[in-house]
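Geometric and topological summary
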Amino acid sequence: ITGALTRTEIYEFLHSPFIRKQGNIYKPNNKDMDNESLNEKTLEDVHTKEIDLVNRDPKRINDDVVKVDFEDVIAEPAGTYSFDGVWKASFTTFTVTKYWCYRLLTALVGIPLALIWGIFFAILSFLHIWAVVPCVKSYLIEIHCVSRVYSIFVHTFCDPLFEAMGKCLSNVRVTTIKEV
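Note that this is a predicted model, so its numbers are computed, not measured.

With that out of the way, let us pick up the overall build of the chain. Of regular secondary structure, the chain possesses four helices and zero strands. Going from N to C terminus, the chain has its helices and strands arranged as α-α-α-α. The buried share among the 180 residues of the chain stands at 3%. Of all intrachain contacts in the chain linking residues separated by at least 6 positions in sequence, the fraction that spans at least 24 positions is 13%.

This paragraph deals with unusual backbone geometry. Of note, arginine 60 is a non-glycine position whose phi angle comes to about 55 degrees, a positive value. Tracing the sequence through the fold places arginine 60 in the loop between helix H2 (33-42) and helix H3 (70-73).

Before going further, it helps to examine the UniProt feature "transmembrane region" (unreviewed entry) in the chain. As annotated by UniProt and renumbered to match this structure, "transmembrane region" (unreviewed entry) occupies residues 104-131. Across residues 104-131 one finds 100% helix and 0% strand; the C-alpha atoms that close the span lie 39 Å apart.

The next subject is the packing of aromatic side chains. On inspection of all chains with the given rule, the structure shows eight aromatic pairs. Ring plane angle 90 degrees and centroid distance 5.4 Å describe the contact between phenylalanine 70 and phenylalanine 91, whose orientation is recorded as edge-to-face. Remark: phenylalanine 91 occurs in helix H4 (residues 84-169) and phenylalanine 70 occurs in helix H3; sequence separation between them is 21 residues. Ring geometry for phenylalanine 120 versus phenylalanine 121: centroids 5.2 Å apart, planes at 75 degrees, classification edge-to-face. Assessed through its relative accessible area of 41%, phenylalanine 120 is described here as partly exposed.

As a further point, take a nonpolar patch on the surface. Together, Leu104, Leu105, Leu108, Val109, Leu113, Ile116, Trp117, Phe120, Phe121 and Leu124 line one region of the surface with nonpolar side chains, adding up to about 1000 Å² of accessible area. Following the sequence through the fold, tryptophan 117 ends up in helix H4.

A few words on the pattern of salt bridges. Under the definition given, this model contains one salt bridge. Ionic pairing is found between lysine 167 and glutamate 163, a salt bridge with its closest N-O pair at 3.8 Å. In this pair, lysine 167 and glutamate 163 both sit in helix H4, four residues apart, roughly one turn of the helix. Glutamate 163 gets classed as partly exposed once you look at its relative accessible area, which sits at 48%.

Parameters at a glance
- Residues numbered from 1 in each chain as written.
- Predicted model: local features only at pLDDT ≥ 70, side-chain atom pairs only at ≥ 80, totals over all residues.
- Heavy atoms only, no water.
- Helix = DSSP H or I, 4+ residues; strand = E, 2+ residues; numbered from the N terminus.
- Buried < 20%, exposed > 50% of the residue type's maximum accessible area, 1.4 Å probe, protein only.
- Contact = heavy atoms within 4.5 Å.
- UniProt positions renumbered as here; feature names shortened; annotations may be inferred.
- Phe/Tyr/Trp six-rings, centres within 6.5 Å; stacked < 30°, edge-to-face > 60°.
- Patch = residues over 30% accessible without salt bridge, like charges linked within 9 Å, V, L, I, M, F, W, Y side chains within 5 Å.
- Areas by Shrake-Rupley, 256 points an atom, 1.4 Å probe, with all protein chains shown as cover.
- Salt bridge = Lys/Arg side-chain N within 4 Å of Asp/Glu carboxyl O.

Below is the structure:
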């Protein structure tokens, strides 16, 4: 060791996060640093991930709602068939109309609704994180103090009273006699 540090070594020492042997000081419960560093590198940012253009409902939230085909809406029972050409034209008309109306509606209304839903869920997340959870935690802390005071009150005043009443009334005997 020469004793002199280079400018690069000093910069890396000053600007690198301090890492303890048990884990990062910002994540003290994490014991395995090798796993953490690998997981951080493999996780993708939500805003930069690629979307799947083939499977647009990977969690299948709309399977039971919008899966409507021609056969689900229009069906001819046996013995009452229309002309084959009419049936084919009806199928094509239904399918193409549903397809293009959906595309037109999503082009006109989809982006504004996505903006509205994005704002709504941002507000909902903000309220949950910054208002609901702190209020609930505060309530639990305050109610804990009240429960301690109430418990002391009950043990101090009510327990001796009810214990004394129990001892007084423990020797009471009730007998019933049926006279004919």
